[in-house]
Structure formats: structure tokens, C-alpha cells
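# Observations on the three-dimensional arrangement
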Amino acid sequence: MSTFEVGINTLTDVTALSNIALDVRDMASNLKSGNLLVAQRIYTQGANSALYDVFGEETVDKLTLKSMGQAGSGQWMDDPSFTFQMLGLSSVQDSAAEAISKHSNYADYYISTLLNDQTTADNAAAAQATTILTVHINAIHKLWEGFIDCTMVQKGYNPEEDQTGKIDPKRKYDEFVALYVGAGQVLGPSWEGYLLYALAQAASKKFDTVDENGESLVNKEIRGLYEWVQRIMSEEDYCKRDESISELWTINNRIIAKMNLSMMQMLIDSMHNENHFYLVPIYARAIIPQLSQCRTSIQRKLKSYLLDKEYEREDFSRILPLLQQSYDCLGFSCEQVGAYSSDKVAECGDYTENHPMAGFVPKVDVQTISKVDLDMHAIRQLLKFPTGDDNIIPQMYYKHGRAAVINEDKYAYDVQSLQEMARSSIVEQWSPYYSDYVSYHGQEFYADTVIMNEFKRNAGTDTQQDALLLSWMQLGVVTEYLMGLLGSADQMCEGSTDEDPTKWWDAFAATYIGSLEGIDLGGSDQTIDGFMLWNVANRRAVSFDTQNDDYYADINNEMLELLFAGQAQLLRNDCNNFAKTVSRALHLMVIPLIQSVIWYAIKNEGLIASSNDDGLVIGEVAAKSVLPIVNKFDPNAARIIERNMVRSDDNFVPVVDGPQAVANAFYLVLDEIGWGCDYVGHADGVEACQLESATGPRNNGSSKQGAVTILALLANTIFWGYSAWLS
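The structure reproduced in this document is the subject of the present report. Everything quoted here is computed from the prediction, not taken from an experiment.

What counts and how
- Residues numbered from 1 in each chain as written.
- Predicted model: local features only at pLDDT ≥ 70, side-chain atom pairs only at ≥ 80, totals over all residues.
- Heavy atoms only, no water.
- Helix = DSSP H or I, 4+ residues; strand = E, 2+ residues; numbered from the N terminus.
- Rg over C-alpha atoms; globule rule 2.2 N^0.38 Å.
- Buried < 20%, exposed > 50% of the residue type's maximum accessible area, 1.4 Å probe, protein only.
- Contact = heavy atoms within 4.5 Å.
- Areas by Shrake-Rupley, 256 points an atom, 1.4 Å probe, with all protein chains shown as cover.
- Lys, Arg positive; Asp, Glu negative; His and termini not counted.
- Charge placed at Lys NZ, Arg CZ, Asp CG, Glu CD.
- Axes fitted to C-alpha atoms, helices over the stretch in contact; angles between N-to-C directions.
- Parallel < 35°, antiparallel > 145°, perpendicular 65-115°, else oblique.
- Left-handed = near helix turned anticlockwise from the far one by under 90°.
- Nonpolar A, V, L, I, M, F, W, Y, C, P; charged D, E, K, R; others polar.
- Phe/Tyr/Trp six-rings, centres within 6.5 Å; stacked < 30°, edge-to-face > 60°.
- Lys NZ or Arg CZ within 6 Å of the ring centre and 35° of its normal.
- Disulfide = S-S within 2.5 Å.
- Expected span 1.5 Å × (residues − 1).

The next subject is the overall build of the chain. The helix and strand tally for the chain stands at 35 helices and 8 strands. Its C-alpha atoms give the chain a radius of gyration of 28 Å, within 12% of the compact-globule value 27 Å for 727 residues. Considered along the principal axes of its C-alpha atoms, the chain spans approximately 90 × 55 × 50 Å. Scored against the burial criterion, the 727 residues of the chain give a buried share of 60%. Looking at the chain alone, contacts between residues at least 24 apart form 69% of all its contacts between residues at least 6 apart. Total accessible area on the chain is roughly 28,300 Å²; 46% of this is exposed by carbon and sulfur atoms. Counting 54 positive and 98 negative side-chain charges, the chain places the averaged centre of each group 2 Å from the other.

The structure is reproduced here in C-alpha cells:
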């Protein structure tokens, strides 16, 4: 056990590791005194942090800050924070191998450069950088090591029988504390220290985010979260319960969010205070790469301002709003960041319940529900790099989620996850097409079963596996969940419950649009940002020439009109017309799926079944996501789509009948669901409306066919009682 003056007693002895703080202290004092060679020697050879062999005997070597700065080197494959760091530092065209090769030693490279720069020695910039860059990422890595070790214990590994300590979740979490607090940290009023606890104290003082005793709110919350870890590790069968894994996942993400909050505060301070300009590139290297898990266009802009060139003070007014837009993604709020030096930089405004999404203004607070797209984006980023057994970290994002926090109570913390959406009771109870999906796929929760089986198939960096996982989440899980939300909204309007149907309607909008689109009408002008069906529609609109004059999808423009119409109908309790609007929205959102099937039919024509082209996988998933509906209305059309898009056996020939045959197969279905083929458009010579001249004009969405369809479907839905909010 180690005792730290800040009120933490660890379960194991981590005193030696905590002494790395004394190396930072000694480096700083020597740099300030002009003893550059001594500082360099401390950095490269170590001075205070002892190393021990497997028998517990102290060795002649010391732990060094330099070795810690090189620790990643491609070995931290199950550390999402390190992966985001590599992605955020690299160029768009870099492969995973190139990113690791160029940037895995980023901390050591930068600090070594500072130690050879005489102009920065007086400010002890190199010593500060060891805390900001090296200790910070190593402390976070200890959290992820502890989590992974805990999953190994759940699988049956017994750390008590391993004298090497290779897998020891208790010790790994204690080592996090050693690196976060460090030796020599004292309480107020000075709060003197050398590592991350002291950094958070300095940041909180600048932004007035301290408690009545002067302690940083960040430090107070991290201490509380570590105490939660201790309770889990003190259980008799620690790490054996699924709940323990879920709780540790949540704790890790919450601690990292607090650590990034402090880095963000100090970055703002360094950009605003001209005496601290020399720290801008250091803090920027710590926090900006982490935005690779956030909105891509914003991360790239900030990288261009802060990493790709020297910081310029006149850019402050451009940079600050971009940083503030990223707070929510990183897990903290404007209120938690606070105002800088009272009035130098005002506290920004947090999201309100009517925060716009791509031009839609909700009546209730559904912002957090929209953020599930951040988890899909994180999974996409993580799958670019090699992962460990069962793709464990991407799998955790899918199973437990990170971004869509529903309940922020300390111990009742609840996050909406993609797997919860895939297995949601609202889909089972209220989706008008639920029975059709079960009948077609032959089982409940088909998408979730496929995804979980694929996670457990270790395929390295197989891009087809990545495409399968992501397309099933985007086109399968989200689509069925949206249907459940629409069915729920309709039932709530007709029912006698006090449940407000508006929140279900607005939740549909939030899930259809997603958080990555931003607030502007039409969504982000960069299709690299989105991930939900709104984004799918916008991307397909470019290919199928179905954009409006504002350069976003006609489908999305129509959807916005339906969303506002639905709100007005609910306001006046006009449930008859609301049911029609629900039906039109439900079937309109199917159009991007149909376009996707046709698009990949065009792309896949001429490929062989064994091709490793991602399009084969995405086209098949798009087809399977819409085939239950097609099969309901036109079984013959479903067989045509299957023959061309679904890989059935070794004799399968992709798009054997040609892409026009696939497009034609949707013709009758489009009439049945109440929308004509005009919204589908045309691409590469393939016309969705090719058959129109033979059969006459089609529906354009104004007919009552779609409303009749959903009313008939819902009439067969059995009332099982109302679900919990988005359960």
C-alpha cells in the first residue's frame, strides 16, 4: 500500500513509480539553473524511480522519462486513447503502420527536441512537457491496462498465481494513481506537486473550478472514481461479474474525460496568455489528437491551426469556438470548463433542450441520444488499427457505449449503447416491421448476433470485417431502432398514458440525424462528419443527383418538413394526421437504404465473389437491411435482390443480372410504401424510374398509401406496456 497526502491509499505499493515525479522536479530545477546536461541525464538515465526484477529485487537501472515517452511503439493496441493519439497526429493518407512508425514516440521526440533548444531552458519547457505529454498518456494507459487485465480475470486468469505480475488489474489502477498524483504532492494552500494532480490544480485555479477547500473539482471527482475502482477490486470475486467490466469501462472513460478537461483549460490559458505561448504546442499535442474521435472536419481544422504550424495569436478567436464545439464529444461541458480568469474568456453556453440538429429544433432534450454516432465513429477509427482478442475495445464501445450519457448520477451512470439499441424492447414492441424482420432473418436481434460473432472473429486489419461491422450498425441496428421510435411515438399519441410522444418523435429525429452533422440547415457540408441515415442520404444524393438547391438530399429536406409537421400535430393532439406523418417518415428513411443497394450493385458488377472489395460486404448488408420490407410486399423482387447482392455460396456471382435489374426490383415496393422512384434518382446510367413509362406515374409521397400501411401494421401490434425511456 502507498499513501498519498491528497487522501488516497492504494491497494498495492506503487511508491517507486510515483517517484518519477521527482525526476520531473529535478529536471525543472536543473533547467532553471542552466544545468542542461544534468537535466538531459535525468531524462535519459533516470534518478529517483527504482526498477525491480521478477523476484522483487531492485536493479541498477532506473525508470526513465525517456523510456516512458517511447513506451507506445506499436505495443498499446488495446489502448483507445493511444490509438486516437496516433490518428490525430498522422496525415489523412497515412496507414496504421505509417502512423505508428511516425508518431508512436511523439512524446520523447518532442521533449528531446526541447532539451536541445537552449531558448526554452529558462522556462523548463522540457520538464513541463514530460508531465503534459509523457506522464499524461502513460497514466491513461495504466487505466486501459487495468481494464484489459480485468477482462482477462473474467476469462479465468488468476493474477494471484502469477508472480511476474504481468496481469494484475489492482496494481495497474494503483499505478495510474502513482502517475496522476506523484510523489511530493501536498495539499493546500500551496497544492505543490509535479504531475497531473498539480496540473489540474493550476488549471482549476485559472478557471475557478475548485471546491470550498480550494481543491480542483477534477481532482475531487477523479479521487471519487478511483475509490469506486477500489470497491470493485476489493470484492471477493473481483472482475468476474459483467457489471464490474461495465463499471470499469464507464469509470475509465469518466476519468479520462476529466483529465482531458484540465488539458483543455491549460491549452486555452497558453493561447491567451502571451507569457505561456511556448506551451501551446505542448498542450496542443496532448489534447488535439484526441479529437480524432470527434467531428472530423473540426479536428482537421484545429490540427491545421495548432499542430501543422506555429500558433498565431490572431487565430485565437477562430480556434476557441472550434474547441468549445468539441467539449461535449470529449465528455465535459462548458460549465465544467468554466470562465478563464473570470472575464478574459467567458464561459461558453451548454446545450439546451432545443439545441438544433441540421436545422431541426427539438421540443425536448434529445441531444444526448444523438451522440450514439460518436460511438460508431470511434469504432470506425479503432478498427483502422490492430486490436487484441475479440476486438475487445471496439466491442466495448458497441456493448457499453461512451458518448450517449442518459443519466449522469455518480453511481447510477447510464449510457445508451448500440447493443442496447439493437436489442431494445421498443423495437420488439412497437416497430411496425418487427415481425417481418424476425421472419425474414429467422431470429430476433439478427443484426446484434452478426455483429457480436464478427467481433469475436479476429481478422487483424481485415477491411471487409470493418465494413461488415460498421455497415450493420449504421444500416441495420440504427434502421430498426428508428422504426421502434416511430412506432412508439404513434402509440403514445393514441394511448391513454401520460407519456409525452414528443420525446419519442424528437428522439427519432436525433437518431436519424446524429450529433456529427452540427446545427446548420442541411447538416455538415463535409460528408466525412456524419454517420447516421441523414449522412447516408446526403452521400447517396450526390451519386443519384437528388440534391436540393442547398446541396443536401431532397430526402432530408422532405424529412425536415415531416419532423416539423409531426411536432405541430402532436402539439394540437392531432393523432390521426400524426399517424400518417409517422408512416411517411418511416418509409422515407428506407429510400437511402434502397439507394445504397443500387449504388453497390453498380459498384460490384464485374467483381468476383472472392474479391476483398468492401463494396461486396456493404452492398450485402444494405440489402439485408431492407429485404424484410421488400419481401413483405414483393417476394419475387426480394429473390432478385438476393440473387444479385447476397453472397449465398461459392457459385455466387455479384450482380449477375446487372444493376438495372436490382433497381427495377424496388419499383413496386416504392409504390407500396408511399414514395415514388423520383426520390431514388439515377446513377451511372441506372434509372430507378425505368419502368415508369410502362406502368404510369408513381406515388410522390402525397398518397395515403404509406399511412394506410403503418396503420394496418400497428393494428396488429400487441400492447405490452410502455417501455422505459429509450430502453
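The subject of this paragraph is unusual backbone geometry. Each neighbour pair has its own omega, and for Gly188 with Pro189 the value is 10 degrees, a cis peptide bond. Take Pro189: it is sitting in the loop between helix H9 (169-181) and helix H10 (196-207). Look at Asp208: it is not a glycine, yet its phi comes out positive at around 55 degrees. On the basis of relative accessible area, Asp208 is assigned to the exposed category, the value being 63%. Its identity as a non-glycine residue notwithstanding, Asn573 has a phi of 60 degrees, on the positive side. Tracing the backbone through its elements, the reader meets Asn573 in the loop between helix H27 (554-571) and helix H28 (575-588).

Put simply, helix H24 (residues 463-494) and helix H25 (residues 501-513) touch, their axes get as near as 8 Å, and they point 160 degrees apart. With respect to each other, H24 and H25 are oriented roughly antiparallel. For the pair H24 and H25, the sense of crossing is left-handed. For the pair H24 and H25, the contacting residues are Val478, Tyr481, Leu482, Leu485, Leu486, Ser488, Ala489, Met492 and Cys493 in the first and Pro501, Trp504, Trp505, Ala507, Phe508, Thr511 and Tyr512 in the second. For the contact of H24 with H25, the per-class residue count stands at 14 nonpolar, 2 polar and no charged.

Counting across every chain of the model gives 22 aromatic pairs. Residues Trp249 and Tyr397 carry aromatic rings whose centres are separated by 5.0 Å and whose planes lie at 85 degrees to one another, so their mutual orientation is edge-to-face. One end of the pair, Trp249, is in helix H12 (residues 242-272); the other, Tyr397, is in helix H19 (residues 392-400), and 148 residues separate them in sequence. Tyr397 carries the same exposure label as Trp249, and that label is buried. Aromatic ring contacts, followed pair by pair, group Trp505, Phe508, Tyr512, Trp534, Tyr552 and Phe578 into a single cluster. The ring of Phe316 carries the charged tip of Arg313 above its face, separated from the ring centre by 4.9 Å.

Here, the word disulfide means a covalent bond between the sulfur atoms of two cysteines. Taken as a whole, this structure holds 5 disulfides when the rule is applied. Residue Cys334 pairs covalently with Cys348 via a disulfide, S to S 1.9 Å. In this structure the cystine formed by Cys334 and Cys348 twists about its S-S bond by roughly -100 degrees; its chirality is therefore left-handed. Within this pair, whereas Cys334 is found in helix H16 (residues 334-337), its partner Cys348 is found in the loop between H16 and helix H17 (367-370), the two being separated by 14 residues in sequence. Side by side, Cys334 and Cys348 carry an identical accessibility label, which is buried. Each disulfide pairs two cysteine sulfurs, and for Cys677 the partner residue is Cys689, the sulfurs being separated by 1.9 Å. For the disulfide bridge between Cys677 and Cys689, the dihedral angle about the S-S bond is near 120 degrees, and by the sign convention the bridge is right-handed.

Attention shifts here to H10. Its 12 residues place the ends of H10 16 Å apart at the C-alpha level, agreeing with the 16 Å of an ideal helix rising 1.5 Å per residue. Among the 12 residues that make up H10, 9 are buried, leaving the element largely enclosed by the rest of the structure. Here H10 has its buried residues at Leu196, Tyr197, Ala198, Leu199, Ala200, Gln201, Ala203, Ser204 and Phe207. Against helix H8 (125-154), H9, helix H11 (217-233), H12, helix H13 (280-287) and H16 lie the buried residues of H10. Phi for Asp208, located one or two positions after H10, is positive at around 55 degrees.

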